[in-house]
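# Breakdown of the fold
The lines below spell out each chain.
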Amino acid sequence: MSNTINVKTLRHEMGRVIERVKRGEHFTVLYRSRPAFRIVPLHGGVGLGPLEDDSLYGAEAVGQSTDGLTAVDHDRILYGQGGE
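The text that follows walks through the structure, step by step, so that each part is easy to find. Residue positions are given per chain, counted from 1 along the sequence in the order it is written. Selection of residues for local features in this predicted model requires a pLDDT of at least 70, selection of side-chain atom pairs for listing and counting requires 80 or more, and totals for whole chains, interfaces and linings are taken over all residues. The basis for the side-chain values is all heavy atoms of the structure; hydrogens and waters are excluded.

Attention now goes to the overall build of the chain. Under the scheme used here, helices are H or I runs from DSSP no shorter than 4 residues and strands are E runs no shorter than 2 residues, and both carry numbers assigned from the N terminus. Looking only at helices and strands, the chain features three helices and three strands. Listed N to C, the secondary structure of the chain is β-α-α-β-β-α in terms of helices and strands. Each residue is placed in one exposure class: buried if its accessible area under a 1.4 Å probe, protein chains only, is under 20% of its type's maximum, exposed if it is over 50%, and partly exposed if it falls in between. Per-residue burial for the chain yields a buried fraction of 19% across its 84 residues. In what follows, residue pairs with any heavy atoms lying within 4.5 Å of each other are defined as contacts. Of the contacts formed within the chain by residues at least 6 apart in sequence, a portion of 27% connects residues at least 24 apart.

Have a look at this one:
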């Protein structure tokens, strides 16, 4: 089951979210009203499918990085390969 929550809700309900993820649910977390990341179970899995189907993979930057890395660098860290 897929759910969408914002960062504020995640902070306040982290324990509940963790328990739900353990039961197989996954969450898309919004930051400033935009999808920022997903929380998915490690095992028992919800398949994420091909990277090309992930709307966040290779997306344009929505802010400025303070770590000096580019969007492609972040994709490589998150997905194990560079973005488009």
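Glancing now at the pairing of strand β2 (residues 26-31). Two strands are counted as paired when DSSP detects at least two bridges linking them. Sheet topology note: the strand β1 (residues 2-6)/β2 ladder contains five bridges and is parallel. Its bridge partner lying in β2, T4 is registered against T28. Pairing of β2 with strand β3 (residues 34-39), which is carried by five bridges, proceeds in the antiparallel orientation. Each bridged residue has a counterpart across the sheet, and for T28 the counterpart in β3 is R38. Linkage of β2 to β3, two consecutive antiparallel strands, is achieved through a turn of two residues, within which R32 is found at a positive phi near 55°.

A positive phi angle, near 55°, is found at R32, a position not held by glycine. Mapped onto the elements of the fold, R32 is located in the loop between β2 and β3. Among the residues examined, R32 registers a relative accessible area of 68% and is labelled exposed.

Let us now look at the pattern of salt bridges. A pairing counts as a salt bridge when a side-chain nitrogen of Lys or Arg comes within 4 Å of a carboxyl oxygen of Asp or Glu. Going through the model one piece at a time under the given rule, you end up with three salt bridges. Put simply, E19 and K22 hold a salt bridge, and the shortest N to O gap is 3.5 Å. Here the residue E19 and the residue K22 both occupy positions in helix α2 (residues 14-22), the gap between them amounting to three residues, near one helical turn. Measuring nitrogen to oxygen at the nearest pair gives 2.9 Å for the salt bridge that ties E25 to R20.

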